[in-house]
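Chain by chain, the residues:
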Amino acid sequence: MTAHRWLVLLAILIPAGSALAAPPQHTILVGYLGQSRDPPLPVGPLDEVPTDQGLAGARLGMADNNTTGQFTGQRFELRERVLPKGGDAADAAKKMAGAGIRFIIADLDHDELLAAADALKDTGALLLNSRAPDDDLRQENCRAEVLHVLPSRAMLADGLAQYLVWKRWTRWLLVTGPTAGDHLYAAAVRRAAQRFGAEIVEEKPWTFRPGNGRSDTGHVVLQTEIPTFTRSPDYDVLIVADEDDRFGAYLEGRTERPRPIAGTHGLVSTAWSPVAELWGATQLQNRFRRAAGRWMTAVDYAAWAAARSLGEAALRTESADPATIAAYLRGPDFLLAAFKGKGLTFRPWNGQMRQPVLIVGPRLLVSVSPQAEFLHQGDDLDSLGFDRENSSCRF
Amino acid sequence: MPFLTRALLTAAPLLCALGPVRADTIYVSNELDNTISVVDGQSLSLVRTIPVGRRPRGLELSPDKRTLYVAAGDDNRIDVIDLPSGKVAGSLPSGEDPEVFALSPDGTRAYVANENDSLVSAVDIASRKVVGEIPVGVEPEGMAVSPDGRLVLCTSETTSMVHVIGAQKLTLLDNLLVDTRPRWAAFSLDEKQIWVSSEIRGTLTVFDRDSRKQVAHIEFSVPGMDRELVQAVGFVLNRAGTRAYVALGPSNRVAEVDAKSFEVLRLYLVGQRVWHVALSPDETRLYTANGNSSDISVIDLDSHEVIKSIGVGRGPWGVAVAP
């Protein structure tokens, strides 16, 4: 690591007393590509549904980059585009690349992300996935044009499994919702159970219609239905797969057996949470709240980390050249400080950002995985998700 | 002459008593319970707890050691503690969310890192006014003033720079890129060097003050420990310029560094998550604030032993020692 003197020459040229003039500007264009989604139905009266999830995180990351950029002569410019429902992600990505944008924060779902990635093949543009947790995007459907900033479902499930196994809560009742995402989350939970030595005693599909719980007598129905529904051989913890937050919150306090709930509800494993305050996280939370007027979600955090990764690579390489920045991001020297106690890096075999996973309750942090007891021959963070040995990604 | 004689006679027993007695008083800021713990250096026991504003972290003694200033981050002010009475006597404006500040050598001015605003505020202590603001990088933290009072340093954690500020005109003179997440900065007492710690890389970088060229880059490791847990946070240089003592955060170690050869000489096992360290006035002891174990460790620097740990408040962060 060499120290760098950015402005010495300028300092000499400028008469004493004048404010230090801005160094020559090199602009780095960054795209934000989002898509419209149906807002989830609130489950309870306290639920707030942000409409700028992801975008607010990207904006903050870019603002952070520009604060640094005033000392380095680098200016980061965010070009925002949100697709309407059913919009053409491939076309939008191509247009961005055509406008000279080489880095796109992709706040896209699975299919749109793949379409955008394939449209950008051989353009030299890079997508930073801040939304899609799908494991196949890191495995058989990986793309050389994509870096994944959001942890995969496998990483989330592995992080939770490590904590539960450390607790010796190794018998799980798995309740899975109806969406494709719920099924994929459940698959990640099964994989984690096998990897870390837990047993799924029974699986139950949730088939009730969403929203019923909020009707006037909804609680009466839930009070009788959920005990019946959760009747099963004895287990230590109920794991719920409900990514869209349709029913998971109904389980707490109503299950047949008095057992804790984990997964997408209860004890949640996540990339980020408003309860994070360790390692200076309070500073990021304060900055985000001030800028966005709400709490920072995992998707906001991923978009922020995507923007900041670009800023860090531009700073260290002293370059605005997209190829230089992209190479540095994937290289061994890249390290992002992102309020998780360890520097974050990208896995060369599938472009996934290595990162600790937070295990959180509704009001407080409970733990951070990987757990110290799960050793790894290389980087402990690679005990989460798909390691080099079990990677099926071929760029 | 009778007067002088009498004065000497009165003072004599006192002087004798002072010889072997250690009069250090250690002040520790506890960021989680909003207090300052006062520890007696002779008995090595907690003697007093002073309530202050919310989330106290940075703390500094006035040059006459009669006043302790404490940055209360969540209350957006610096509390002024009158030490003879042990009470908060007032406060200084600080700009928003002050975390760390440094005093000018004459004690007239405080330079404050405003973490949320990417600013350094210069505060005139006598008039209690903010007299200037200097924009710096994201999350300013470590602050230092050169012994001649002419230069101010500020590290910005997310920007990964140390900013060099001219104190007289409050202008930014230079920005030095350092390793990821710089936390603390100091001038060597001969004023020839700038030292900076970087938390996430776990390193120290040393610059020549005038040429601003890198002189040394010091790495730390603890045998058998994950490299990521070895993070460099607070540090202190001794007056002779022969030693640096570096808090290594979650590795629960303090490193003793030869400040001439930049070699790491030894590691001390202290409490958990050691944030900051301070030397006793005679430099025979080092006191460390251990954030996660809510205690301070006392290191005897002659015997190279950790001789005691003393429970203080919750979340001890900064430490200052008065003679």
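Residues numbered from 1 in each chain as written. Chains lettered and ligands numbered in written order. Predicted model: local features only at pLDDT ≥ 70, side-chain atom pairs only at ≥ 80, totals over all residues.

1. As for the domain arrangement of chain A
Accessible area lost upon the coming together of the parts serves often as the stated size of an interface.
Residues and elements named next belong to chain A.
So, step 1. Split into domains, chain A comes out as domain 1 (23–151 + 273–355) and domain 2 (154–270).
So, step 2. At the interface, nine residues of domain 1 touch 11 residues of domain 2.
So, step 3. When grouped by side-chain class, the residues that make up the side of domain 1 that touches domain 2 number five nonpolar, two polar and two charged. (Domains from an automatic or database assignment. Contact = placed C-beta atoms within 7 Å. Nonpolar A, V, L, I, M, F, W, Y, C, P; charged D, E, K, R; others polar.)

2. Details of the sheet that holds strand E2 (residues 26–35) of chain A
All names here are of chain A.
So, step 1. Taken in spatial order, the five strands of this open sheet run E3-E2-E4-E5-E6, and their pairing is parallel. Either end of the sheet is taken by a strand with one partner, and the two such strands are strand E3 (74–83) and strand E6 (146–148). Between one strand axis and the next, the sheet turns by 25° as a mean value, whatever way the strands run.
So, step 2. As defined by bridge partners, strand E4 (residues 103–107) adjoins strand E5 (residues 126–129) across four bridges and the pair is classed as parallel. Note on E5: the bridge partner recorded for Ala 106 is Asn 129.
So, step 3. Against the sheet, helix H2 (residues 55–72) makes contact with E2, E3 and E4, and its axis sits at roughly 165° relative to E3, the strand it touches most.
So, step 4. In the packing of helix H10 (residues 298–317) onto the sheet, contacts are made with E2, E3, E4 and E5, and the angle to E4 comes to roughly 165°. (Pairing = 2+ DSSP bridges. Helix = DSSP H or I, 4+ residues; strand = E, 2+ residues; numbered from the N terminus. Axes fitted to C-alpha atoms, helices over the stretch in contact; angles between N-to-C directions.)

3. Examining the sheet that holds strand E10 (residues 119–124) of chain B
Residues and elements named next belong to chain B.
So, step 1. The four strands lie next to each other as E8-E9-E10-E11, forming an open sheet whose pairing is antiparallel. Each of the sheet's edge strands pairs with one partner strand only, and the pair in question is strand E8 (98–103) and strand E11 (129–135). The average undirected angle you get between the axes of adjacent strands in this sheet is 25°.
So, step 2. Across six bridges, the pairing between E10 and E11 is antiparallel. Directly across from Ala 122, in E11, lies its bridge partner Gly 132.

4. Thoughts on the environment of Ile 218 of chain B
Residue and element names in this part refer to chain B.
So, step 1. If you trace the backbone, Ile 218 turns up in strand E19 (residues 214–219).
So, step 2. Separated by 59 residues in the primary sequence, Ile 218 and Val 277 have C-alpha atoms spaced 18 Å apart.
So, step 3. Apart from residues lying up to four places away in sequence, Ile 218 is in contact with Thr 203, Leu 204, Val 257, Phe 262 and Val 264.

5. Structural notes on the packing of helix H3 (residues 89–98) of chain A against helix H4 (residues 110–119) of chain A
Residue and element names in this part refer to chain A.
So, step 1. Following both chains from N to C, one finds H3 and H4 inclined at 40°, their axes separated by 8 Å at the closest point. The orientation of H3 with respect to H4, classified from their angle, is oblique. When the axes of H3 and H4 are compared, the crossing they make is right-handed. Mapping the contact onto sequence places Ala 89, Ala 90, Ala 93 and Lys 94 in H3 and Glu 112, Ala 115, Ala 116, Asp 118 and Ala 119 in H4.
So, step 2. When its residues are assigned to classes, the contact of H3 with H4 shows six nonpolar, no polar and three charged. (Parallel < 35°, antiparallel > 145°, perpendicular 65-115°, else oblique. Left-handed = near helix turned anticlockwise from the far one by under 90°.)

6. A closer look at the environment of Gly 44 of chain A
So, step 1. Residue position: Gly 44 of chain A is located in the loop between E2 and H2.
So, step 2. Given 9 C-beta atoms within a 10 Å radius, Gly 44 of chain A is considered exposed. (Buried ≥ 20, exposed ≤ 12 C-beta atoms within 10 Å, placed from the backbone.)

7. Some points on the nonpolar core
So, step 1. One finds Ile 104 and Ala 116 of chain A to be the most contacted residues of the largest nonpolar core, which totals 115 residues.
So, step 2. When residues in this core are grouped by element, the largest group, 13 residues, is from H10 of chain A.
So, step 3. Counting the residues that make up this core, at least three belong to each of domain 1 (23–151 + 273–355) and domain 2 (154–270) of chain A.
So, step 4. Excluding anything up to four places from it in sequence, Ile 104 of chain A contacts Gly 31, Leu 33, Ala 93, Met 96, Ala 125, Leu 127 and Leu 128 of chain A.
So, step 5. Counting 91 residues, the second-largest nonpolar core is a separate cluster that includes Ala 71, Ile 165, Tyr 268 and Ala 278 of chain B. (Core = buried A, V, L, I, M, F, W, Y, C linked by C-beta atoms within 7 Å.)

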